[in-house]
Amino acid sequence: MFGATLLLAMRQIRRHLLRSSLTTIGIIIGVAAVVTMVTLGNGLTASIQKQIASLGSDVLIAFPQQTDNNRQPRPFKQDDVIAVREQLAGVKSVAGEVNKNIHAFHNGQSWNSKVEGVSNAFMDARGIKMDQGRRFTAAEEESGANVCIVGPKVLQEIFVADVSPLGEQVRLDDVSCTVVGVFATRAQGGNNQDDDNSVFIPVKNAQRRFTGTDTIGYMVISYDPAYSGAAIQQSLIDLIRERHRLQPGEPNDFNIIDSAALNETVGSVVARLTVAVAAIAGISLLVGGVGIMNIMLVSVTERTREIGIRLAIGALAREVRMQFLTEAVVLCCFGGLIGLLLAFGLSFALAKVIDVPFVFSLSVNLLSFAFSAMMGIIFGYYPARRASKLDPIEALRHE
Amino acid sequence: MAEATSRPLIELHGITKTYGHGSAAFQALKGVSLSIARGDFVAIMGASGSGKSTMMNILGCLDTPTSGTYAFDGFEVQSLSKDQRSLLRRKYLGFVFQGFNLLSRTSALENVELPLLYRGEKKAARREAAMKSLDLVGLGPWASHTPAELSGGQQQRVAIARALVTDPQVLLADEPTGNLDTERSIEIMELLADLNRSGITIILVTHEAEMAAYARTIVRFRDGLVERIDSGQDAGAAAHA
């Protein structure tokens, strides 16, 4: 019986193909809009979270920040790095970073790049892996030797392809140093700079040859995940305030980012935005549902005589209701299916355009499809009920 | 049910039917009592407005009387709900209408299968019974044609096949020859007479004496009341009276 009802619904839809197609456009656009929005939203979330993850996991990043009173923030020093490492419980490693924009010269070519004074601990905390060669030795870090680890972008731009860069000299502004390694491409920090376009040298060397001070740009604190990030963050704040001799009531002249907390916050903000945009897109789905209701009412009127015949030969009210309801649901399911296909193509293309990953979510697609089917039930119910309430005698007399 | 052969298949007592309310009320039936025996061939005649169509709707359980009782094989039809009457129709009644009332753009075979669909029969069983029924009315070779591809007489045969496919107790025919020429009309009437001889009770509504002549009992309606009943030998002569 159900199979026959389904078959009948399909036949009825095929019979009025143009009308059916036009009617389902509302549902198609509605489903496509909702799914595309949610898919792009998920892609955006993934992209932002990946950038945050590039900070490293279980990592706090502390950097000087100007306060409202316009006083210059006090920069971090190497002593601060050592103090944090030695005085805070739960801290695994602390690494400072200092950087400067420079020109890199090699093989007669010049390239705008950036020198970063780092340590092996920094690479550990930020999860930076080596592509070729080695990291710094303890002696090199201690003495601030003229050795460097080049980024993949720098390698690609000024080094000769297919020739090992290891052992080659590269000049950074007027400092010449020996390449000992190449780091693997790393997750982008999202600060509009290409983080792969960088040359690592030991911190001490960067301070001595490039910045001329003993200050640190920012420090990366990686902590034992058994400790609470919030607790470590609080003791870190207390420690730096003490070292900067800030009076109670004075604002912090530094800021601390907790990668895990940031990840959570940004994730929930984007998720909420996605829901809001999807809800707006959902309105078009609602409008599509009204279209379905309209065409079903037309269909019931047109087929009054057919309904009369069915009732006369013994169809029950609920059987007639089921027939029209099935038709509305099938119509909506078709719309939903086409909408999903459209959404797939659309979100794939748009993800490319706005440069976020294409995150296909089965549950979002299934849910939207189920929602479109539900539209058929909601908006098909009234017309179907109307058909089932017809009086067979009146219906048979209908021209 | 079958054991009560002495009881009439259909018994009506004091049936009235009023349409509308108050001053606009119109009484189409004014107290009709009638019984129809199992296996009879009854023609209901009367001018338009005599109440014969209203009678047909009530007999066919498509409508309920305003007052009075209607027993169909012992069931009190007047107190049944809409769906209960649907169940009764699909089980015991077959309909043939003046306008054929076939589903357009649907093959003859599928039209005939329709009542079986609502009975919940399996596809293979539906197909077999529908083919048998079409063969019975001589339209087996036309099974895959749609109504638009068939003549009026053929369409009415499909309608008869559809009415017969459920093995009904009663076949109700409302002006079945109204849209047909004389030759086709006679073919249809002979088919109905054949069916009656095989045991089906037939109730025919017509205003044409030639068609009523095929019946064994003729009930004449006038102004919402039964005017006269002729049966047996008199019926044929009475038809033309």
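Everything below is about the structure shown above.
Description of the structure in this document. Note that this is a predicted model, so its numbers are computed, not measured. (Residues numbered from 1 in each chain as written. Chains lettered and ligands numbered in written order. Predicted model: local features only at pLDDT ≥ 70, side-chain atom pairs only at ≥ 80, totals over all residues.)

A look at the overall build of chain B
Counted only if it meets this: In this description a helix means any DSSP run of H or I spanning at least four residues, a strand means any run of E spanning at least two, and both kinds are numbered starting from the N terminus. The atom set for the radius of gyration is the C-alpha atoms, and the globule formula is 2.2 Å times the number of residues raised to the power 0.38. The exposure scheme places C-beta atoms from the backbone and then counts, for each residue, the other C-beta atoms within 10 Å of its own, assigning buried at 20 or more, exposed at 12 or fewer, and partly exposed in between. For the purpose of contact definition, each residue receives a C-beta atom placed from its backbone, and two residues are in contact when these atoms lie within 7 Å.
A tally of regular secondary structure across chain B gives eight helices and 10 strands. Expected size for 241 residues packed as a compact globule is a radius of gyration near 18 Å; at 18 Å, chain B falls within 12% of this value. Along the first, second and third principal axes, the C-alpha atoms of chain B reach 50 × 40 × 40 Å. The 241 residues of chain B split such that 47% are buried. Contacts spanning at least 24 positions in sequence make up 67% of the contacts within chain B whose residues lie at least 6 apart.

Things to note about the interface of chain B and chain A
Defined as follows: In the scheme used here, Gly and all other residues not listed as nonpolar or charged are polar, with Ala, Val, Leu, Ile, Met, Phe, Trp, Tyr, Cys and Pro taken as nonpolar and Asp, Glu, Lys and Arg as charged.
Chain B puts 18 residues into the contact, and the matching count from chain A is 16 residues. Elements with a contribution of two residues or more to the side of chain B that touches chain A: helix 2 (82-92) and helix 3 (108-118) of chain B. Counting residues per element, the side of chain B that touches chain A draws most heavily on helix 2 of chain B, which supplies six residues. A class-by-class count of the residues in the side of chain B that touches chain A yields eight nonpolar, four polar and six charged.

Considering the packing of helix 2 (residues 17-53) of chain A against helix 11 (residues 317-353) of chain A
All names here are of chain A. Heads up, the condition is: Note on geometry: axes are lines fitted to C-alpha atoms, helical ones only across the stretch in contact, with angles between N-to-C directions running from 0 to 180 degrees. Orientation labels follow simple angle bins: below 35 degrees gives roughly parallel, above 145 gives roughly antiparallel, 65 to 115 gives roughly perpendicular, and whatever is left gives oblique. Note: crossing handedness is left-handed where the near helix turns anticlockwise from the far helix by less than a right angle, and right-handed where it turns clockwise.
Two elements in contact, helix 2 and helix 11, have axes whose closest approach is 6 Å; the angle formed by their N-to-C orientations is 40°. When the interaxial angle is binned, helix 2 and helix 11 end up oblique. Relative to helix 11, helix 2 is oriented so that their crossing is right-handed. Of the residues in the contact of helix 2 with helix 11, the class split is 16 nonpolar, 11 polar and no charged.

Details of the nonpolar core
In plain terms, the rule: To count as a nonpolar core, a set of buried Ala, Val, Leu, Ile, Met, Phe, Trp, Tyr and Cys residues must be joined through C-beta atoms within 7 Å.
Ranked by internal contacts, the top residues of the largest apolar core, which has 114 residues, are Ile292 and Ala328 of chain A together with Ile44 and Leu204 of chain B. Ranked by residue count, the leading element in this core is helix 11 of chain A, at 11 residues. With near-sequence residues (within four places) excluded, Ala328 of chain A lies in contact with Ile292, Met296, Gly376, Phe379, Gly380 and Ala384 of chain A. Counting 47 residues, the second-largest nonpolar core is a separate cluster that includes Val59, Ala62, Ala95 and Val154 of chain A.

Considerations on the packing of helix 3 (residues 78-87) of chain A against helix 8 (residues 229-243) of chain A
Residue and element names in this part refer to chain A. Two numbers describe how helix 3 lies on helix 8: the axes approach to 11 Å, and their chain directions differ by 140°. Here helix 3 lies oblique to helix 8, going by the angle between them. In terms of crossing hand, the pair formed by helix 3 and helix 8 is right-handed. Contacts between helix 3 and helix 8 involve Asp80, Ala83, Val84 and Gln87 from the first element and Leu236, Leu239, Ile240 and Arg243 from the second. Class assignment of the residues belonging to the contact of helix 3 with helix 8 gives a composition of five nonpolar, one polar and two charged.

Notes on the pairing of strand 7 (residues 170-174) of chain B
Note on strand geometry: in a regular strand, side chains alternate between the two faces of the sheet. Residue and element names in this part refer to chain B. Test applied: We call two strands paired when DSSP finds no fewer than two bridges between them. Handedness of a crossover is defined as follows: orient the strands so they point away from the viewer, and if the path from the first strand over the helix to the second runs clockwise, the crossover is right-handed.
For strand 7, a buried count of five out of five residues is recorded, marking the element as mostly surrounded by other parts of the structure. Judged by which residues are buried, strand 7 turns out to be covered on both faces: Val170, Leu172 and Asp174 on one side and Leu171 and Ala173 on the other are all buried. Examined bridge by bridge, strand 7 and strand 8 (residues 201-205) share five bridges and lie parallel to one another. Of the residues in strand 8, the one forming a bridge with Leu172 is Ile203. Taken together, strand 7, helix 6 (residues 182-197) and strand 8 constitute a β-α-β crossover, and its handedness is right-handed.

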